[in-house]
Amino acid sequence: MSSLGLLFGVFFVLLLLGTPILFSLAAASLVVLASIDLLSPQLVMQRIYAGLDSFPMLAIPFFMAAGALMEQGGISRRLVNFSSYLVGWISGGLGHVAVIASTIFAGISGSAVADTTAIGSTMIPMMKRRGYAPEFSAAVVAASGVIGPIIPPSIPLVLYGVISGVSIGALFMGGILPGLMMTAALMVLIYFKARRSNWEIETEPFSYAGLWASFKEAVGALVMPLIIVGGILGGIFTATEAAVVATVYALVVGLFWYKELSLSSLPDLFYHAGLNTAVVMVIVGVANLVGYVLTIEQLPMMLSDWFSAKITSALTLLILINLLLLVAGCFLDGGSAIIVFTPVLLPVVKTFGIDPVFFGVMMTVNLMIGTVTPPVGLSLYIASGIAGISIARICKAILPFLLAQLLVLMLITLFPDIVLFIPQQLYDI
């Protein structure tokens, strides 16, 4: 346990000093290796490379590229237009539109930041023009962005699957119902807030003709989530292969269907997608070094024995883990937190008979809520920047949405079958 204290002590001290998470993780691992006389350049590089040498990891760069292609290809505008005709007539109007558009885009991007950026750049100015308060507009978009990495595809679930060895396809299917529950929770909150406040903000008139026209315009975007989920469900391709299919489809749609992509724009687009991938992958490599340190020091086993001695209920353990992750999510981005905590917590939950597919989805839902909690909530900063308001104003407005999301987290913690229902129909779990 002294090695665990040393590892996390060095890690969090460096984080508090403003050191990037990559170097904080690496330095903490090197300090522990040095303390047990195992520090070797060859060993360090071998363990880092081993963390990247994985076929499922190929899903990350391809999903990054697919999301960038769809975002730059005019997809978000078409999704917003379709969502306006679909739900804009409900009390709360454009608030529901933002949630639905984000939910559909979640089936494309797999990233909370991409979801918030793509939908927020269209929705927040539109909501402000219609008379919605800037802080409410920003809070709705930021809260909706949380859905992005829960509904498949999901980059955090890919990371968890690679680290844990759990089927990424099963994880993707497990995220569907919690993601839809979060969509419903946000829409119910917006509806009652609108009715209680007697908003006199114009809603979209319902029109079958408008709905059909907007559907035809957006069908190229709407088909993509169906391809990803349907292909995995039907056993046509794996989650990794689905990422390749999604990228090719996004490229064809952007170039030849919507014609808002040009060949000259592709090098810059792929460069930035590659840059974002590199940021994630290098952290994954270093995190594998952390996992090696944890393994040779038998820290997961020691933690498991400690929890087994102190805690007798799986539910109590899950509540404690949720509290730990909610605090961690305030300071770490979701992907980094999954990389750090999965090797530590997964052996513990397995000893309590907790399904690793359920645990991965629960962990992802928890840590994605961290994207809207200060001081490091990236979605908050993106939404507040688009809306032109201070972080303090959006933090106050986000609280009701945060409570709704915590309610969803509590429900899936109490009733794991919500997560496991679809995977159990399709996989041997």
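Above this text is the structure in question.
Residues numbered from 1 in each chain as written. Predicted model: local features only at pLDDT ≥ 70, side-chain atom pairs only at ≥ 80, totals over all residues. Heavy atoms only, no water.

Caption draft 1: Focus on the overall build of the protein. When you go through the protein residue by residue, the secondary structure sums to 21 helices and zero strands. Its C-alpha atoms give the protein a radius of gyration of 22 Å, within 12% of the compact-globule value 22 Å for 429 residues. In terms of overall dimensions, the protein has C-alpha extents of about 70 × 50 × 45 Å along its principal axes. Scored against the burial criterion, the 429 residues of the protein give a buried share of 55%. Long-range pairs, those at least 24 residues apart, make up 79% of the contacts in the protein with a sequence separation of at least 6. In the form shown here, the protein has an accessible surface area of approximately 17500 Å², with 68% of it arising from carbon and sulfur atoms. Across the protein, the 15 positively charged side chains and the 18 negatively charged ones have centroids separated by 13 Å. (Helix = DSSP H or I, 4+ residues; strand = E, 2+ residues; numbered from the N terminus. Rg over C-alpha atoms; globule rule 2.2 N^0.38 Å. Buried < 20%, exposed > 50% of the residue type's maximum accessible area, 1.4 Å probe, protein only. Contact = heavy atoms within 4.5 Å. Areas by Shrake-Rupley, 256 points an atom, 1.4 Å probe, with all protein chains shown as cover. Lys, Arg positive; Asp, Glu negative; His and termini not counted. Charge placed at Lys NZ, Arg CZ, Asp CG, Glu CD.)

Caption draft 2: Summary view of helix 4 (residues 59–72). Between its first and last C-alpha, helix 4 extends 20 Å over 14 residues, near the 20 Å set by a 1.5 Å rise per residue. Most of helix 4 is tucked away: 10 of the 14 residues are buried. Listing the buried residues of helix 4 in full gives A59, I60, F63, M64, A65, A66, G67, A68, L69 and M70. Positive backbone phi, approximately 80°, marks G74, located one or two places after helix 4. (Expected span 1.5 Å × (residues − 1).)

Caption draft 3: Looking closely at the nonpolar core. In terms of nonpolar packing, the biggest core is built from 157 residues, with M123 and F359 touching the most fellow members. A total of 13 residues in this core trace back to one element, the largest contributor, which is helix 14 (residues 266–296). (Core = buried A, V, L, I, M, F, W, Y, C linked by side-chain atoms within 4.5 Å.)

Caption draft 4: Expanded view of the pattern of salt bridges. Tallied over the entire structure, the rule returns three salt bridges. In this structure, E135 and R393 form a salt bridge, with 2.6 Å as the shortest nitrogen-oxygen distance. Placement of E135 in helix 8 (residues 134–145) and of R393 in helix 20 (residues 391–414) is noted, with a sequence separation of 258 residues between them. Among the charged side chains, a salt-bridge network with shared partners connects R78, E217 and E260. (Salt bridge = Lys/Arg side-chain N within 4 Å of Asp/Glu carboxyl O.)

Caption draft 5: Representation of the side chain of D115 within the structure. You can see D115 is positioned in helix 7 (residues 112–129). Judged by its relative accessible area of 0%, D115 falls in the buried class. Excluding residues that lie within four positions of it along the chain, D115 makes contacts with S102, F105, A106, S109, G120, S144, G145 and G148.

Caption draft 6: Region of the structure containing the packing of helix 4 against helix 12 (residues 208–233). Running from N to C, helix 4 and helix 12 point in directions that differ by 165°, and their axes come no closer than 12 Å. By the angle between their axes, helix 4 is roughly antiparallel relative to helix 12. Helix 12 is crossed by helix 4, and the crossing has left-handed handedness. For the pair helix 4 and helix 12, contact is made by F63, A66 and M70 and by G220, A221, M224 and I228, respectively. Partitioned by chemical class, the residues of the contact of helix 4 with helix 12 number six nonpolar, one polar and no charged. (Axes fitted to C-alpha atoms, helices over the stretch in contact; angles between N-to-C directions. Parallel < 35°, antiparallel > 145°, perpendicular 65-115°, else oblique. Left-handed = near helix turned anticlockwise from the far one by under 90°. Nonpolar A, V, L, I, M, F, W, Y, C, P; charged D, E, K, R; others polar.)

Caption draft 7: Summary view of the packing of aromatic side chains. Summed over all chains, the structure comprises seven aromatic pairs. Considering the side-chain rings of F11 and F12, the 5.0 Å spacing of their centres and the 65° angle between planes classify their relative orientation as edge-to-face. Judged by relative accessible area, F12 falls into the partly exposed class, the value being 33%. Centre to centre, the rings of Y132 and F136 are 6.1 Å apart; their planes meet at 10°, and the pair counts as stacked. Pair check on accessibility: Y132 and F136 agree, each one buried. Members of the aromatic cluster, connected to one another through ring pairs, are F82, W212 and F215. The ring of Y258 has R78 lying over it, and the distance from NZ or CZ to the ring centre is 3.8 Å. (Phe/Tyr/Trp six-rings, centres within 6.5 Å; stacked < 30°, edge-to-face > 60°. Lys NZ or Arg CZ within 6 Å of the ring centre and 35° of its normal.)

Caption draft 8: Structural detail: the environment of I104. Checked against the element boundaries, I104 lands in helix 6 (residues 94–109). Exposure remark for I104: the relative accessible area of 16% places this residue in the buried category. Ignoring sequence-local partners within four residues, the contact set of I104 consists of L79, F82, S83, L222 and P225.

Caption draft 9: Focus on the side chain of S24. Summarising the element assignment, S24 is placed in helix 2 (residues 21–35). Under the relative-accessibility criterion, S24 is labelled buried at 0%. Within the structure, S24 has its side chain in polar contact with the backbone oxygen of T19 (distance 3.3 Å). (Polar contact = N/O pair within 3.5 Å; in protein donor to acceptor, adjacent residues only side chain to side chain.)

Note that all results are geometric; they support no functional claim without further evidence.
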